[in-house]
Amino acid sequence: MKPVSTHPSADGLWTGLRRASAPEEDAAIAVTQGTIRWVGARSALPAEFAGLAPHAGGGALVTPGLVDCHTHLVYGGQRANEFAMRLAGATYEEVAKAGGGIVSSVRATREADEDTLFAQASARLEQLLADGVCAIEIKSGYGLSLAHERKQLRVARRLGEAYGVTVRTTFLGAHALPPEYAGRSAEYIDRVCNEMLPALAAEGLVDAVDVFCERIAFSLAETEQVFKAAKALGLPVKLHAEQLSDMGGAALAARHGALSCDHIEHLSAEGIEAMRRAGTVAVLLPGAYYTLRDTHLPPIDALRAAGVPMAVSTDHNPGTSPALSLLLMINMACTLFRLTVPEALDGVTVHAARALGLQDTHGAIAPGMPANFVLWNLREPAEFAYWFGQQPLRTVVRQGRIAIGASQ
Ligand code: NIG
Ligand code: FE
């Protein structure tokens, strides 16, 4: 890893660009002090920016820096063995009930020290950054005790500093019942609400709060208890909702003003309406759908008709989505979920930023925003979804610096 301080400044006038949202136009972007000052057709460039140091875009397509708005990036070990069990016929729920699943990653995460977790997560983060990711959400939820959740969240913060990438941390203490609380779910949730969350929030380690609301995880009432604790601390909420069944979690989350409801394969019409009213983002996770060989599609047409913004994310985690490419998720969102290419691109930029409450600083190329944008060696926007396994990335401008690629 090169230290961030060695990344060259992106200040100057970027020309020879074609915005993915308007590919016919010869576009330019003016950057000073790491901030976008102007973007538009080259022919309309204000004189005040004409003298800036030039960066030649070479006809590349340009998008906002990508935002991966749902990941469980920091964990110990891996679970390829469970993948093999599932290939042999076991379901995700059966694997979880047999002592595998989330709690097996909890064991490995508890055994790992902070530096080990940092090194392992760094390697994964580098893969995501190589796809043009400029902001990422990282959840806890594999520690399930104050000390181990703290360890995960501290690693997430360190990753942001070391790589010069925006990291939003989400506390997911209510991800699974830790084995030492077997049969005592209510007691564990009390602990999450009264001890773990307040302590971690006081340490500045929590940007949002999430719950896994599901038959194999936590009930609607337990979810609401966690949401109330988050609200008392002024923290926004989001939810792993209706992945395996319709629990009514999305409507509850929307009533609590949730930033996003994620997975939502079994989302009901009532849930969609509640999300629409609350402005809650629907986060689609095709990597988990694919890995679990799910066949129950999220209600894309109804979400689209209701105007609910749809984001797309990797859901990187060791159990259900070992995906390390947000570009591949664009492909899957289009092939599996039938998003259009512009929808999928909005899903990994503007809507993903909103799912993290980052809409004022990420997910768009607009004056006043920090310079986060990506140049791609592609001719037309459909290629974002068409290729998979190809790396078309040319240059990444992240936090006002050229983090990947040459500027010539
Ligand atoms: O987003 N659904 C719950 N959480 C993860 C899976 C975590 C795991 O299996 O380790 C998810 O898919
Ligand atoms: Fe998840």
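All values reported here derive from a predicted model rather than from experimental measurement. (Residues numbered from 1 in each chain as written. Chains lettered and ligands numbered in written order. Predicted model: local features only at pLDDT ≥ 70, side-chain atom pairs only at ≥ 80, totals over all residues. Heavy atoms only, no water.)

### Overview of the side chain of Lys151
For Lys151, the position within the fold is in helix H5 (residues 146-163). Although Lys151 is buried, it forms no salt bridge, and the closest oppositely charged side chain is Asp113 at an N-O distance of 7.4 Å. (Helix = DSSP H or I, 4+ residues; strand = E, 2+ residues; numbered from the N terminus. Buried < 20%, exposed > 50% of the residue type's maximum accessible area, 1.4 Å probe, protein only. Lys, Arg positive; Asp, Glu negative; His and termini not counted. Salt bridge = Lys/Arg side-chain N within 4 Å of Asp/Glu carboxyl O.)

### As for the domain arrangement of the protein
Domain boundaries in the protein define domain 1 (4-63 + 363-404) and domain 2 (66-270 + 281-293 + 309-355). The centre of domain 1, based on its C-alpha atoms, is set 31 Å off from the matching centre of domain 2. Facing the 22 residues of domain 1 at the interface are 24 residues of domain 2. Linking domain 1 with domain 2 are zero salt bridges. It is strand E14 (residues 393-398) that provides the largest number of residues to the side of domain 1 that touches domain 2, a total of four residues. (Domains from an automatic or database assignment. Contact = heavy atoms within 4.5 Å.)

### Some words on helix H6 (residues 185-202)
Spanning 18 residues, H6 covers 24 Å between terminal C-alpha atoms, matching the ideal 26 Å at 1.5 Å per step. Maximal helix bending in H6 amounts to about 40°, located at Val192. Within the span of H6, buried status applies to Ser185, Tyr188, Ile189, Val192, Cys193, Met196, Leu197 and Leu200. Buried residues in H6 make contact with H5, strand E7 (166-174), strand E8 (208-212) and helix H7 (220-232). Two residues or fewer past H6, Gly204 is found with a positive phi of approximately 75°. (Expected span 1.5 Å × (residues − 1). Bend = angle between axes of the 7 residues up to and from the residue.)

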